[in-house]
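Results of the structural survey
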Amino acid sequence: MIPNRFEHAQAASEINQRWDEAGCSHAEIDKSKQPYTIVIPPPNVTGALHLGHGLNNTLQDIMIRTKRMQGYSALWMPGTDHAGIATQAVVERRLKEQENLSRHDIGREALVERIWSWKDQYEARILGQLKRMGCSCDWRRTRFTLDPQCAAAVRATFFDLFQKHLIYRGKRLVNWDTFLQTAVSNDEVENVTKKGHFYHFRYPVIEPQPGEPEFVEIATTRPETMLGDTAVAVHPDPEAALRKIETELLEKLESVTGKEADDLRDQLDAINSRQREMLGNLKVLRNMALDGRQLMLPLAERPIPLVTDEWAKPELGSGCVKLTPAHDPNDYEVGIRQSLPMINILNADGTLNSVVPAYEGLTIPKARKQVVNDLDEAGLLGEIEDRDIEMPLSDRSKTAIEPYLADQWFVKMADLSQSAMDAVSSDEVQIFPPRYRKGYLDWLGEKRDWPVSRQLWWGHRIPIWSARFDSQTEAQSVADASRQLGTESQLAVTLQEEPAEIQGGPSSYSVFVCLRDEDSPLEPKVEALGLVRDDDVLDTWFSSALWPSSTLGWPQQTEDLEYFYPTSTLCTSRDIITLWVARMVLMGLNNLGQVPFSHVYIHPTILDGNGERMSKSKGNGVDPIDVIDKFGPDALRFGLARIATDTQDVRLPVQYECPHCEKLIEQTKKNRTVATVPCPACGETFSTQWAESEAEKAFPKSAVVSEKFEDSRNFVNKLWNASRFVLMNLEGYQAQPIDVPSLPVEDRWLLSRLATVTKEVTEGIEQFKFAEVGRMLYDFAWNEFCSFYVEIAKPRLSDPEQRQQTQNVIAYGLDTLLRLLHPIMPFVTESVWSYLGELADQRGLQPQAASEFLMLADWPSYHAEHYDPTIERQFAEFQQVVGAFRSIRASQNIPPKEIVPATIRCTQSSQALLQPMLAYFKALAGADVQEIGEQAAAFETDAPLTIPAIDIEVHVDLEKFIDVEAELKRLEKLQTTISRQITGKENKLANENFVSRAPADVVQGERAALEDLVKRRSTIEIDIKRLKEKASLN
RNA sequence: GGGCGAUUAGCUCAGUUGGUUAGAGCGCUACGUUGACAUCGUAGAGGUCACAGAUUCGAAUUCUGUAUCGCCCA
C-alpha cells in the first residue's frame, strides 16, 4: 500500500537505481525512431554546481524526458570541461595558500598531476549532483574535454585549420595575467573602476626652434609605462577636430532642455575656451611633428618622435598623448599605423625588465612610485589629479591585467565567423528568445581573430614545433627538410616572416611544423632538425567548440555521429553565446559541414535576492544538493522550471538554514561573507562556507537554500496525497473501456480539461515555455483535479452504481497527469506510477497494460474530440455557484459542518446542467439545494448572491444562523462596489466618442452589463431594507 | 559611449491580438482538523501597474522620453 508520506530521499535513490539498472536513460541507435540529441554544456571541473547549473540541467532533462516519452531515441550526452585556466588557477592558488609553493617550484608534471586529482574529485561530485537531480543523461557515454576521444578531435581540428592557413603566430598585445603568467582572452577580463591618479609630465623638446615650446605636456594614469614610450602624438588638425565637437554640441543643444542643456552649455564653454587658449599651441605642435621634431624621453634618455595621429584628442588634457604601443591597446593600434617601435618593459611576472636598467626588477607599483619621484626630481612632474580609472582585472586570478606583447597563436576568423553568421541569419540555427541573435551576429561580425594559446600546463598542448632564424634561406631549407619527413596527411609546414617594426629589431623567419597524430613517430625527426615543441596549451573553448561532434566520436565517422549529429537543442545561458555557441557553430561547419544543432535555447540567469549573480566566491551560491536534502529533487526541479520565464534574469532570495532549529535566515550582503552567524531564532551559532579556523569549523555548518522551493515541495505533497486518495479508492477496480458520450458532466469536464492541458503542455515544452508549463500543470492538478474532480469523486466512489465508472475515469485522469508531470517531477510521478500499476495495471480509454517505468511510457496524445467548450463553460457555472455558497457561508460564520438549506434561481439551460450535480453542492459547499429553476424562491430569512455573468442567483436559508450585522455589512459593501461600477459604466456610456467609435458589440456589452448592475443594486437594496426591518423587529 | 533586460500587492512573479472589477504563490487576517493532504481547506484584506508625454472612444499592454536597477560590449 502507498505510504502516508512521500519520503523523497529514500524513494529517489531507489528509483534512480532502478532506472540505472534498466538502462532507461541509455540511448541506442534505432533506425525505426527519430533521434533527438542534447549535449550538456559541460560543467567546469573547477568547482561544484550551483542553482544556475541546476536550472540549466533541469530544463534539459525536461526536454529529453519529454522527447523520450514521445518516442524519439533521445540522447543526452553528459560530460565535463577541463576549464584550463580556471582549474589551474584554483589548484595553483591552493598550492600557494596551503604549501606556499608556486607551479614553478613543483614543475609541470607534478602540477598537472595535482590538477588531475582535483578534476577526479570534482567530476565525481558534479556527476553525483546531476544524478541526484534526476538528470537522465546517458551516463555510459560520459566524456571529458581532455579525454583521448576529445583530444583526437582537437588534434584533427587544429591540424586541419593549420593546413588551411587559418592558424598563425603573431606578436600581439594580449591581456597578460602576471599572477598566472598567461594570456587571457578579452572575455576573461572584467573592468573595475578604482580610485587612481592622473599624472601630468613634461617631456623636453630636442632643439626647439624659435617660437616653439621647450616642453610637451602629456598625462597618464600609468606613469611607469612611460619607460616604454616610443612617441608622443598630437592631432593632425586640431582646429577642425574642435570645430566638429562644437558643431555637434550646438546641434544637440537645440533638442534638449533643463539640466541636460546646462551640461551641454558647460561642455561648449570648455571647448570654446580651448579654442581660444590652446589651439595655437596645438597647431605649433602639429607643425613641429610634421617637421620631424623629436622629444627626449626622460629617465630612459631616449629620443622619441612627435607624430600626428587622430588618437590624440585636442579636447582632452594637454591635447597630446604619449604612446606606449607595447603596453596599451589603443597605443598599439597607433603603433601599427605609425610604424612605431614597440618596446616591452615587463617580464612575464609583471616586474620591470632591463630596458631601463635603473628600474629592473621593480614591481609595477614600486616602479610607478619611483618614476614619479624621479620625474619630480628632474622637474618634469606637473599636476597630479585624482581620478576614477578603469582597471582590467583577470577573472581567474583577480589580479590586474597588463597589456603585454607576446607570441600567440591565432585562428583567422573572417571566413569561419561568416559561416556561423550565415547559419543563424538563414535560421538554420534558431536562437530563443530571438533577441539574442543580435549579440551573436554583432560579435561574430567583428571577425576578430581568436587568440588560442594559453601559457598554461593544463590543457591540450599545441601540436606545433618551431624554430626561428635570422636568415630566410636557412629557414627555407629547414622548412623543406621538414616537408620531406612525411606526407601532407601527416604534417604541415609553414614559414612565416616576422617583420621588424613589430619586434623592434630586424626581421626574422620562423618555421612551424604541425604534426597530425599524437605521439607521432615524426616527433623525434622534427626535433632533430632543431625544432622545439610549443609549451603552450589551447584555449579551453577550442575543445568545447568541438563538443557536439567530439563526444559522438568525430573525427571517426562513427555510426553514432551519423545518427545523432547534428544535435537538436542546445540549452545554455546567455553569457557564453559568443564564447561557446558561436564557436561550436563555426567549428561544426568547418569540420563536418553541418551546424551542430538546430535550436539554441537561452534560459534566464538566476540572481539572489539582492539582484546579484550566484557564485561560490560571493557566498550566495546555492548547492542543489542542499535544496534536494531539504525539499526533495522534484521540488527543486519544479521550482526551477517555474522560474524559467523568457526574461533575462530571475531572482531567487537565498537563506541560511539554521542547523540547530531549521529556521531559514535571510542572507544579506553582510552575513553572507562571514565565517559564523548567530541564529536570530534560537540563538545558537552556525558556520558558513567561509569557516576556516578549527574554532569556526566547530560550529555545525549551515545549508544555503531558498524558501522559494517551499511551494513546490507542497505541490509534490499535494500530488502525492491526491494520488493516495485515488489509490485508496481503487479497491475492486476493473479495467473497462471508457465510453465518453455516456459519462456525466464532471467526467467529460475532466477529459476536456485533460485534452486542453495535454495540448498546451506539449506545445509549451516545444516552445521552451517552461514557467508557463509549470504553472498550467500546477493550476490544473491543484485547482481542478484535486479541488474539484477528486471532491466530486468522493460521493461517487461511495455510490455502488457509480463507483466502477468513476474508478476508471479517475485512474485514467491520474495516469495522464503523471505522464504530463513526469519530465518536471520524475521521482514522485515514477513512484506513484508503480503503486498505480499494482492496483490498476490495465487502464486508459481503451485499457492497456501500463509500462513498467513511467520514464519509458508514452507521452499522452491530444484527444481533440474530448475538448468540449460547452461542458467547460457549464462546469464553470457549477464552480461559480459553489463559490457563491462558500462566500455566503464564510460571511455568515456558518460552521463548516452545518449543512444549510439553499435554492438556486437560474435559467432552464443552467438548471439542466446543475440538476444532476445538485448532490455535489453538499459535498463541496455544504449546501442542501432544495429548489432550482426559473422560479426558485428566496427564503424567509435569506442570504442572496447574484452571479450576473451567468444569470444565476443563489439563496441560503439563514433562519438558524442569521447574523444580521454580518449580513448587512456584507450587503452594504456589495452595494458600494456595485454603485461605483455603475457610475463608471454610466460615464463611459455617456461619452459620445465611446458610443460612436467603439465597436458595436463592445458598446452593447457595456449596456448589458450596466443593466445587470442596476438590477443587482435594486435587489440588494430590497434585501438590505428587509433585513433592517427584521432587525428592528427583533 | 553602445546593446539587452527589468520596474505590476509586503516578497517572488504571471498578465495572451489594447476592451467588464489587473491575477497566482508566499506572507498577513478570520474560521476550520478522525476519513487524500495543516506540506491542508474555506473566506478575506492588500495594487494611482516607476514617472512624464503621445496615439486611441478606451493603455499595465502600443510609441517617445526620463529615472532607477541589473547584465553584456567598448
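Definitions and limits used
- Residues numbered from 1 in each chain as written.
- Chains lettered and ligands numbered in written order.
- Predicted model: local features only at pLDDT ≥ 70, side-chain atom pairs only at ≥ 80, totals over all residues.
- Heavy atoms only, no water.
- Helix = DSSP H or I, 4+ residues; strand = E, 2+ residues; numbered from the N terminus.
- Contact = heavy atoms within 4.5 Å.
- Areas by Shrake-Rupley, 256 points an atom, 1.4 Å probe, with all protein chains shown as cover.
- Lys, Arg positive; Asp, Glu negative; His and termini not counted.
- Charge placed at Lys NZ, Arg CZ, Asp CG, Glu CD.
- Near = heavy atom within 4 Å.
- Polar contact = N/O pair within 3.5 Å; in protein donor to acceptor, adjacent residues only side chain to side chain.
- Nonpolar A, V, L, I, M, F, W, Y, C, P; charged D, E, K, R; others polar.
- UniProt positions renumbered as here; feature names shortened; annotations may be inferred.
- Pairing = 2+ DSSP bridges.
- Axes fitted to C-alpha atoms, helices over the stretch in contact; angles between N-to-C directions.
- Disulfide = S-S within 2.5 Å.
- Buried < 20%, exposed > 50% of the residue type's maximum accessible area, 1.4 Å probe, protein only.
- Domains from an automatic or database assignment.
- Buried area = accessible area lost by both parts, 1.4 Å probe.
- Expected span 1.5 Å × (residues − 1).
- Parallel < 35°, antiparallel > 145°, perpendicular 65-115°, else oblique.
- Left-handed = near helix turned anticlockwise from the far one by under 90°.

1. Here we look at the overall build of chain A
Of regular secondary structure, chain A possesses 33 helices and 37 strands. Reported as C-alpha extents along the three principal axes, the dimensions of chain A are approximately 115 × 75 × 65 Å. Restricting to contacts in chain A with at least 6 residues of sequence separation, those with at least 24 account for 76%. Accessible surface for chain A amounts to roughly 45,400 Å². Of this, 48% is attributable to carbon and sulfur atoms. Within chain A, one finds 113 positive and 153 negative side-chain charges whose respective centroids are separated by 3 Å.

2. Here's the deal with the protein's contact with RNA strand B
Contacts to RNA strand B come from 44 residues, most closely from Gln648, Arg651, Asn717, Lys973 and Arg997. Take the atoms of RNA strand B that sit within 4 Å of the protein: sugar and phosphate atoms are 63% of them. Here a base nitrogen of RNA strand B and a backbone polar atom of Ala722 are 3.2 Å apart. Of all the secondary-structure elements, those providing two or more residues to the surface near RNA strand B are strand S26 (649–651), helix H23 (710–728), helix H25 (770–797), helix H28 (869–891), helix H31 (964–990), helix H32 (992–997) and helix H33 (1000–1033). In terms of residue count, the dominant contributor to the surface near RNA strand B is H23 (9 residues). Of the residues in the surface near RNA strand B, the class split is 15 nonpolar, 10 polar and 19 charged.

3. As for the UniProt feature "short sequence motif: 'HIGH' region" (unreviewed entry) in chain A
UniProt feature "short sequence motif: 'HIGH' region" (unreviewed entry): in the numbering of this structure it lies at residues 43–53. Here residues 43–53 runs as 27% helix and 0% strand, with 8 Å between its end C-alpha atoms.

4. With respect to the sheet that holds strand S9 (residues 231–234)
The mixed open sheet is built from 4 strands, whose spatial order is S10-S11-S9-S12. Every interior strand has two partners, whereas the edge strands, strand S10 (294–297) and strand S12 (320–323), have only one. In this sheet, neighbouring strand axes are inclined to one another by 30 degrees on average, regardless of whether the strands run parallel or antiparallel. Strand direction decides the pairing type here: S9 and strand S11 (residues 302–308), joined by 3 bridges, are parallel.

5. Re the state of the cysteines
Each disulfide consists of a covalent bond between the sulfur atoms of two cysteine residues. Counted according to the given criterion, the structure contains 0 disulfides. Free of any disulfide, Cys658 has its nearest neighbouring cysteine sulfur in Cys679, separated by 3.7 Å. Since its relative accessible area comes to 0%, Cys658 is described here as buried.

6. A short note on the sheet that holds strand S34 (residues 900–905)
Reading across from one edge, S35-S34-S37-S36 is the order of the 4 strands in this open sheet, with mixed pairing throughout. Only two strands of the sheet have a single partner each, and these edge strands are strand S35 (927–933) and strand S36 (942–947). Sheet twist, expressed as the average angle between the axes of neighbouring strands with direction ignored, equals 20 degrees. Bridge count between S34 and strand S37 (residues 952–957): 4 bridges; the pairing is antiparallel. Counterpart to Thr903 in the pairing with S37 is His955. Contacts from H28 reach S34, S35, S36 and S37, with the element oriented near 35 degrees to S37.

7. Brief notes about the domain arrangement of chain A
Taken as a whole, chain A is organised into domain 1 (26–159 + 544–603), domain 2 (194–396), domain 3 (710–867) and domain 4 (963–1034). A straight line from the C-alpha centre of domain 1 to that of domain 3 covers 37 Å. Contact between domain 1 and domain 3 buries roughly 1,500 Å² in total, counting both sides, with carbon and sulfur atoms accounting for 73%. If you sort the residues of domain 1 by the area they bury against domain 3, Ile62, Arg65 and Met69 come out on top, with a joint share of 45%.

8. Considerations on unusual backbone geometry
Put simply, Phe432 and Pro433 share a cis peptide bond, and its omega is -15 degrees. Here Pro433 is to be found in the loop between strand S15 (430–432) and helix H12 (436–445). In this structure, Pro566 follows Tyr565 across a cis peptide bond, with omega equal to -5 degrees. Here Pro566 is to be found in the loop between helix H18 (559–564) and strand S23 (567–573). Positive phi outside glycine occurs at Asp519, with the angle close to 50 degrees. With respect to the helices and strands, the residue Asp519 is situated in the loop between strand S20 (508–515) and helix H15 (522–528).

9. Re helix H4 (residues 103–133)
Residues spaced three or four apart along an α-helix face the same direction, because each turn holds 3.6 residues. Here H4 contains 31 residues, and its C-alpha end-to-end distance of 36 Å is more than 12% below the 45 Å for a straight helix at 1.5 Å per residue. Looking one or two residues past H4, Gly134 carries a phi angle of roughly 95 degrees, positive in sign.

10. A look at the packing of helix H21 (residues 633–643) against H23
Packing of H21 against H23 leaves a shortest axis separation of 8 Å and a crossing angle of 120 degrees. It follows that H21 is oblique to H23 by the angle criterion. Judged by the sense of rotation from one axis to the other, the crossing of H21 with H23 is right-handed. Across from Asp634, Ala635, Phe638, Gly639 and Arg642 in H21, the residues of H23 making contact are Asp711, Ser712, Arg713, Phe715 and Val716. Residues of the contact of H21 with H23, tallied by class, amount to 4 nonpolar, 2 polar and 4 charged.

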